[in-house]
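Residue-level structural notes
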Amino acid sequence: MDFALDPTQTALQDSLRRYLESEVAPLVDEYEAAKTPVPRAVVAAMRDYGLIGGLLPEEEGGFGLSMLTYGTLVAEVARVWPSLRGMLSVSNLAASVLAGAGSPALRAKYLPRILEGQAICCFALSEPGIGSDAANVQTRAECTASGGWRINGRKIYITNGPICDLGIVFVRTVSDDGVAGVSCLAFESAMPGFSCTPLGKMGMHCCPLGELLFEDVEVPAENLIGEPGQAFSIAKKYLNIGRSVVAFSALGIAESSLEAAVRFARDRVQFGRPIGSFQLVQQMVADMMTMVETSRLLAHRSADALDRNAPDNTTLCAMAKRHASDAALRVAETALQVHGGAGYTSLFPVERHYRDARHLSIGEGTNQIIGMLIAQSALGLSALR
C-alpha cells in the first residue's frame, strides 16, 4: 500500500500552503482577537484551490476532486485558520445537498452563487431541544395557499448563521394523508421573517455561530429539496463525508500544534540548554508525533474508503473523526504544556489551537454517540433503541 500523495496532490498541497502562509496567516491573529468574520475575499479565493465545490462533479461547476485530495486541502486550511475551514465546509455541505437532491431550477438558481464564492451558506439542523436526536425536529413548515411553504421555528448552534446569504433548513412537514416527516428547504436570509442572533463561543471566533429564528418565513414551492418527508436520507448521504472532513480538520490543527511545540522546545532555554533536550519534553513530542500520524492514517483510510465506496466507509469515517478529534485536543493541550506559562497567554498560538480543536469532538456527532455507532457495527446491537 502506497501512503504517499501523488504528484498532482502534492503540487496542489504545496501551492495552497504557500498561498495560505503568505496571504492568509498574517491575518489570523488580528481577526481572531477582534472576533471578526473571515473576509469574504479570503473565502472566495479558496475557489481557485478547489476548496469551494471541490467534491462536486465538473458538470455541476465543481472540481471533481477525490476525497483524499479534498481532505488534504482541508487539512492545509485548518493548519492555518480553522475558522476559514469551518466556513468553507458548511457552504460546501449546502452546495452538495443542492447538487445532489435539488431540482435543475434550484441548482441553477443557487449553485453558481455558492461555487463562485459570492454566497455564504448555513446548514440548519440542530434546535434548542434536539442535537443527537435529530429525527425529533420541531421547526415546522406548512403549505401555503400559493403552493409554497411557511416556516416557523428556531435553530441553534448554526455555523455561518449570522452572515449567511443562503441556507438549508430541516423542517417537520405533514403529508396530504396526515403523515409527519422531516423535509429539507432552501431559504435566503433576506426573506421576511428570518433573523439570527449571534452566539459567543470558545474558539474559531472568525467563523460565526448563531441562533436562527423563522417567523412565517415563506419560501416558494421549488425550494423544496428532494421529496417531502425524506430529508434524512439526504442528510445521511453526507454524514460520512462530513466526518472525514472533521478528521482532516483535526489533523491540520494537530500538525500546527506540534510544529509550534517543536519550535518552542528548540528555542526555549532553561538550566543552560534548550528544553527540547530534556527527556520529559522529548516524550511529549514523541507522543504528539505519534498522535498526528495515527490521525493522518485514519483520515486517509476514511477518504480512501469513500473514494472506493467501500462497504465499511461509515465505520472508518466514524473512527477517523473520533480518533483525530480526540487526538487534536490532546496534541494541542500537550503543546500548550510544553510552552509552560507562555502557552496560557495569547503571545503564542497554542492556546488558540486548543480552543479551536475543542469543538471537533462535538460537531458531526459527539464522540460519545460516534463511539456507540462504531461499536454497533461490530455488535449489531444499538444503544439508542
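Since this is a predicted model, take the numbers as computed values, not measurements. (Residues numbered from 1 in each chain as written. Predicted model: local features only at pLDDT ≥ 70, side-chain atom pairs only at ≥ 80, totals over all residues. Heavy atoms only, no water.)

**Topic: the overall build of the protein chain**
The secondary structure content of the protein chain amounts to ten helices and ten strands. Taken against the 2.2 N^0.38 rule, which gives 21 Å for 385 residues, the C-alpha radius of gyration of the protein chain at 21 Å falls within 12% of a compact globule. Looking at the protein chain alone, contacts between residues at least 24 apart form 72% of all its contacts between residues at least 6 apart. Roughly 17600 Å² of accessible area belongs to the protein chain as shown, and the carbon and sulfur atoms make up 54% of that amount. Taken as two groups, the 33 positive and 40 negative side-chain charges of the protein chain have centres that lie 5 Å from each other. (Helix = DSSP H or I, 4+ residues; strand = E, 2+ residues; numbered from the N terminus. Rg over C-alpha atoms; globule rule 2.2 N^0.38 Å. Contact = heavy atoms within 4.5 Å. Areas by Shrake-Rupley, 256 points an atom, 1.4 Å probe, with all protein chains shown as cover. Lys, Arg positive; Asp, Glu negative; His and termini not counted. Charge placed at Lys NZ, Arg CZ, Asp CG, Glu CD.)

**What to know about the domain arrangement of the protein chain**
As assigned here, the protein chain comprises domain 1 (7–116), domain 2 (121–228) and domain 3 (232–379). Computed from C-alpha atoms alone, the centre-to-centre distance between domain 2 and domain 3 is 31 Å. Of the residues lining the interface, twelve residues belong to domain 2; the matching set on domain 3 comes to ten residues. For the pair domain 2 and domain 3, the number of links is zero salt bridges. At the surface where domain 2 touches domain 3, the tally comes to two residue pairs in polar contact (both at pLDDT 80 or more). Per-class residue counts for the side of domain 2 that touches domain 3 are eight nonpolar, four polar and no charged. (Domains from an automatic or database assignment. Salt bridge = Lys/Arg side-chain N within 4 Å of Asp/Glu carboxyl O. Polar contact = N/O pair within 3.5 Å; in protein donor to acceptor, adjacent residues only side chain to side chain. Nonpolar A, V, L, I, M, F, W, Y, C, P; charged D, E, K, R; others polar.)

**Things to note about unusual backbone geometry**
Phi is positive for Asp216, which is not a glycine, with a value near 55°. You can see Asp216 is positioned in strand 7 (residues 209–219). With relative accessibility at 47%, the residue Asp216 sits in the partly exposed group. One non-glycine residue with positive phi stands out, namely Asn309, at about 55°. With respect to the secondary-structure elements, Asn309 resides in the loop between helix 7 (279–308) and helix 8 (313–339). The exposure class of Asn309 is exposed, given its relative accessible area of 63%. (Buried < 20%, exposed > 50% of the residue type's maximum accessible area, 1.4 Å probe, protein only.)

**A short note on the side chain of Asn313**
Along the chain, the position of Asn313 falls in helix 8. For Asn313, a relative accessible area of 9% gives the class buried. At 2.9 Å, the side chain of Asn313 forms a polar contact with the side chain of Asn240. In contact with Asn313, other than residues within four places in its own chain, are Asn240, Ala305 and Leu306.

**Brief notes about the nonpolar core**
In this structure, Leu51, Leu84 and Ile168 are the most contacted members of the largest nonpolar core, which totals 93 residues. Ranked by residue count, the leading element in this core is helix 6 (residues 231–267), at 17 residues. Setting aside anything within four residues of it in sequence, one finds Leu84 in contact with Leu20, Val24, Val38, Val42, Val43, Met46 and Val77. Val169, Leu185, Phe214 and Val219 belong to the second-largest nonpolar core, a separate cluster that totals 18 residues. (Core = buried A, V, L, I, M, F, W, Y, C linked by side-chain atoms within 4.5 Å.)

**Let's talk about the packing of aromatic side chains**
Enumeration over the complete set of coordinates arrives at nine aromatic pairs. A ring pair is formed by Phe123 and Phe170, whose centres lie 5.1 Å apart and whose planes are at 65°; its orientation type is edge-to-face. Taken together, the residues Phe123 in strand 1 (residues 121–124) and Phe170 in strand 4 (residues 166–174) connect sequence positions 47 residues apart. Residue classification places Phe123 among the buried residues on the basis of a relative accessible area of 18%. Aromatic side chains Phe264 and Phe348 sit 5.4 Å apart centroid to centroid with 90° between the ring planes, which places their arrangement in the edge-to-face category. Of this pair, Phe264 sits in helix 6 while Phe348 is found in the loop between helix 8 and helix 9 (350–358), placing the two residues 84 residues apart along the sequence. Ring-pair connections join several aromatic residues into one group, and the members of that group are Phe123, Phe170 and Phe232. (Phe/Tyr/Trp six-rings, centres within 6.5 Å; stacked < 30°, edge-to-face > 60°.)

**Let's talk about the pattern of salt bridges**
Opposite charge on two side chains lets them pair, provided their charged atoms get close. A full pass over the atoms with the stated rule returns 15 salt bridges. Across the pair Arg296 and Glu255 runs a salt bridge, and its minimum N-O distance is 2.8 Å. Here Arg296, found in helix 7, pairs with Glu255, found in helix 6; they are 41 residues apart in sequence, far enough to count as distant. According to the relative accessible area criterion, Glu255 is buried, its value standing at 11%. When salt bridges with common partners are traced through the structure, they connect Glu21, Arg79 and Glu259 into a single cluster.

**A closer look at the packing of helix 6 against helix 7**
For the pair helix 6 and helix 7, the least separation of the axes is 9 Å and the interaxial angle reads 155°. Taken as axis vectors, helix 6 and helix 7 run roughly antiparallel relative to one another. As helix 6 packs across helix 7, the resulting crossing turns out to be left-handed. Taking contact as the criterion, the partners of Asn240, Ile241, Ser244, Ala247, Phe248, Leu251, Ala254, Glu255, Leu258, Ala261, Val262 and Ala265 in helix 6 are, on helix 7, Val281, Val285, Met288, Met289, Val292, Ser295, Arg296, Ala299, His300, Ser302, Ala303 and Leu306. In terms of residue class, the contact of helix 6 with helix 7 is made up of 17 nonpolar, five polar and two charged. (Axes fitted to C-alpha atoms, helices over the stretch in contact; angles between N-to-C directions. Parallel < 35°, antiparallel > 145°, perpendicular 65-115°, else oblique. Left-handed = near helix turned anticlockwise from the far one by under 90°.)

**As for empty space enclosed by the protein**
Empty space left among the atoms is revealed by rolling a probe the size of a water molecule over them. A complete count under the given rule lists one cavity of 30 Å³ or more for this structure. Put simply, the largest cavity is a space of about 40 Å³. Forming the walls of the largest cavity are Ala94, Leu98, Tyr110, Ile114, Cys121, Leu166, Gly167, Ile168, Ala186 and Phe187. Going through the elements one at a time, helix 4 (82–101), helix 5 (104–115), strand 4 and strand 5 (180–188) are the ones with two or more residues in the lining of the largest cavity. Looking at which element gives the most residues to the lining of the largest cavity, the answer is strand 4, with three residues. In terms of residue class, the lining of the largest cavity is built from nine nonpolar, one polar and no charged. Residues from two domains meet in the lining of the largest cavity; each of domain 1 (7–116) and domain 2 (121–228) gives at least three. (1 Å grid on protein atoms, 1.4 Å probe; cavity = no way out; pocket = protein on both sides within 12 Å on 5 of 7 lines; lining within 4 Å. Points joined across faces, edges and corners; volume = space filled by probe spheres on them.)

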